[in-house]
Amino acid sequence: MKPLLKWTGGKRWLVPKLQSIWHNLPTDKLVEPFTGGMAVALGLDPKSAILNDANVHLINFYQQVRKGLVIEHDLKNDAHYYYATRDAFNALIYDKKHKTKQAAAMFYYLIRTGFNGLCRFNNSGEFNVPFGQHKSIRYRNDFGEYKSQFTNWQFKHGDFARLKLEGDELIYADPPYDVEFTKYVAKDFVWDDQVRLAHWLDRHTGPVISSNQATKRIVSLYKDLGFKVKKLPAPRMISCTGERKPATEILAFKNID
Ligand SMILES: C[S@@+](CC[C@H](N)C(=O)[O-])C[C@H]1O[C@@H](n2cnc3c(N)ncnc32)[C@H](O)[C@@H]1O
């Protein structure tokens with residue numbers, strides 16, 4: 001199934017590669033500590049899954065979809081309507097009503113209609129992405145199609161290290177990349193978090209696959225812990241010194257032949 005939202009760093013392009021590994025593993029349980037747009041879970045279709053993200057609004061949206069979310073109000077690609085909805089969404093956050101069906105519906109609308117599908121908050125925790133000026137948007141009102149698939153999956157919100165694991169599940173970890181695109185949540189994912197994650201993954205007794213940008217320090221971090229590291233060209237461009245070239249990413253593997 002297709003991701004419900006466009007999400008920065010989405011890994012739909014990686015799904016065919018991951019599928020060939022997944023089908024040869026002795027587990028049907030998947031853990032995604034950084035599920036984002038959920039491209040991987042939807043692509044691998046595991047029997048059971050724990051899908052976690054630090055973004056409380058994203059997880060609330062998935063939890064409401066699991067309960068059969070149907071959006072009853074208008075979804076309009078209009079700047080005035082967008083900014084009014086953004087204010088209303090921020091008021092819900094302020095009133096601590098952000099774990100509701102209403103907040104989930106607004107969140108979906110804002111991500112679809114805002115600039116580049118970004119999800120960004122200011123230091124006070126307010127959603128501050130400007131209107132996207134998309135030519136046209138195909139909105140979805142009814143998420144019923146996803147409901148049965150989500151029934152066997154658990155959605156959790158918080159830091160990855162709080163997840164309680166059984167030991168034999170596949171962990172696919174796709175954290176904010178080292179260096180680039182680190183502002184998904186109010187608190188950055190800094191180098192200490194990258195190190196903390198690599199050590200957390202290293203303690204898992206089941207199979208692990210971790211994605212990241214192929215920076216020198218990321219490659220050494222995973223290699224030094226005994227992970228097998230594979231470099232692969234990513235379908236996106238990075239601009240260094242004005243020249244655009246394909247970004248190189250890594251997949252780090254543990255407990256996988
Ligand atoms: C690269 S994106 C994941 C993209 C996802 N694989 C996809 O296909 O859409 C990284 C995600 O990590 C989340 N995140 C940032 N810090 C986190 C933390 N400490 N614990 C868990 N999730 C975190 C962000 O909210 C973001 O959704």
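Reading the values: rules and limits
Residues numbered from 1 in each chain as written. Predicted model: local features only at pLDDT ≥ 70, side-chain atom pairs only at ≥ 80, totals over all residues. Heavy atoms only, no water. Helix = DSSP H or I, 4+ residues; strand = E, 2+ residues; numbered from the N terminus. Rg over C-alpha atoms; globule rule 2.2 N^0.38 Å. Buried < 20%, exposed > 50% of the residue type's maximum accessible area, 1.4 Å probe, protein only. Contact = heavy atoms within 4.5 Å. Areas by Shrake-Rupley, 256 points an atom, 1.4 Å probe, with all protein chains shown as cover. Axes fitted to C-alpha atoms, helices over the stretch in contact; angles between N-to-C directions. Parallel < 35°, antiparallel > 145°, perpendicular 65-115°, else oblique. Nonpolar A, V, L, I, M, F, W, Y, C, P; charged D, E, K, R; others polar. Arc of directions from axis to C-beta. Phe/Tyr/Trp six-rings, centres within 6.5 Å; stacked < 30°, edge-to-face > 60°. Domains from an automatic or database assignment. Polar contact = N/O pair within 3.5 Å; in protein donor to acceptor, adjacent residues only side chain to side chain.

Participant: Which parts of the structure should I look at to understand the overall build of the chain?
Facilitator: From N to C terminus, the chain includes eight helices and seven strands. A compact globule built from 257 residues would reach a C-alpha radius of gyration of about 18 Å, and the chain, at 18 Å, matches this within 12%. Principal-axis analysis of the C-alpha atoms gives the chain an extent of 50 × 45 × 30 Å. For the chain, with 257 residues in total, the buried portion stands at 49%. In the chain, 72% of the contacts between residues at least 6 apart in sequence involve partners at least 24 apart. Total accessible area on the chain stands at roughly 13200 Å², and carbon and sulfur atoms take up 50% of it.

Participant: Please explain the packing of helix 3 (residues 56-66) against helix 6 (residues 144-151) as it appears in this structure.
Facilitator: Between two packed helices, both the angle of their axes relative to each other and the distance between the axes serve to describe the pair. Two elements in contact, helix 3 and helix 6, have axes whose closest approach is 7 Å; the angle formed by their N-to-C orientations is 95°. As judged from the angle between their axes, helix 3 and helix 6 are roughly perpendicular. Contacts between helix 3 and helix 6 involve Tyr-62, Val-65 and Arg-66 from the former and Tyr-146, Lys-147, Phe-150 and Thr-151 from the latter. Partitioning the contact of helix 3 with helix 6 into residue classes produces four nonpolar, one polar and two charged.

Participant: Got a minute to help me understand helix 8 (residues 216-224) in this structure?
Facilitator: For an α-helix, 3.6 residues make a turn, and residues three or four places apart therefore share a direction. Every buried residue belonging to helix 8 is among Ile-218, Val-219, Leu-221 and Tyr-222, and all of these are buried. Projected down its long axis, helix 8 carries its buried residues within an arc of 160°, all on one side. In helix 8, the exposed residues that point more than 90 degrees away from the buried face are Lys-216, Lys-223 and Asp-224. Two residues or fewer past helix 8, Gly-226 is found with a positive phi of approximately 90°.

Participant: Please explain unusual backbone geometry as it appears in this structure.
Facilitator: Note: most residues except glycine have negative phi, and most peptide bonds are trans. A positive phi angle, near 60°, is found at Asn-116, a position not held by glycine. Along the polypeptide, Asn-116 turns up in the loop between helix 5 (101-113) and helix 6. Asn-116 gets classed as partly exposed once you look at its relative accessible area, which sits at 44%.

Participant: Looking at this model, I keep getting lost on the packing of aromatic side chains. Mind explaining?
Facilitator: For any pair of aromatic rings, the description rests on two quantities: the centre-to-centre distance and the angle between the ring planes. Counted according to the given criterion, the structure contains 24 aromatic pairs. Judged by centre distance (5.7 Å) and plane angle (25°), the rings of Phe-150 and Trp-153 are stacked. Overall, the relative accessible area of 0% leaves Phe-150 in the buried class. Given a relative accessible area of 1%, Trp-153 falls into the buried group. Note on Phe-160 and Phe-189: the rings are 6.3 Å apart at their centroids and 55° apart in plane angle, and the pair reads as tilted.

Participant: Looking at this structure, how should I read the domain arrangement of the chain?
Facilitator: Often the size quoted for an interface is simply the accessible area lost on bringing the parts together. The assigned domain composition of the chain is domain 1 (12-55 + 152-254) and domain 2 (71-141). Taking only C-alpha atoms into account, the centre of domain 1 sits 27 Å from that of domain 2.

Participant: Would you take a moment to explain helix 3 for this structure?
Facilitator: Burial runs high along helix 3: nine of the eleven residues are buried. In this fold, the buried residues of helix 3 make contact with strand 2 (48-53), helix 4 (79-94), helix 5, helix 6 and strand 3 (153-157). Two to three positions downstream of the cap, the backbone nitrogen of His-57 sits 3.0 Å from a side-chain oxygen, assigning the N-cap of helix 3 to Asn-55. Immediately downstream of helix 3, the backbone of Gly-68 shows phi near 95°, a positive value.

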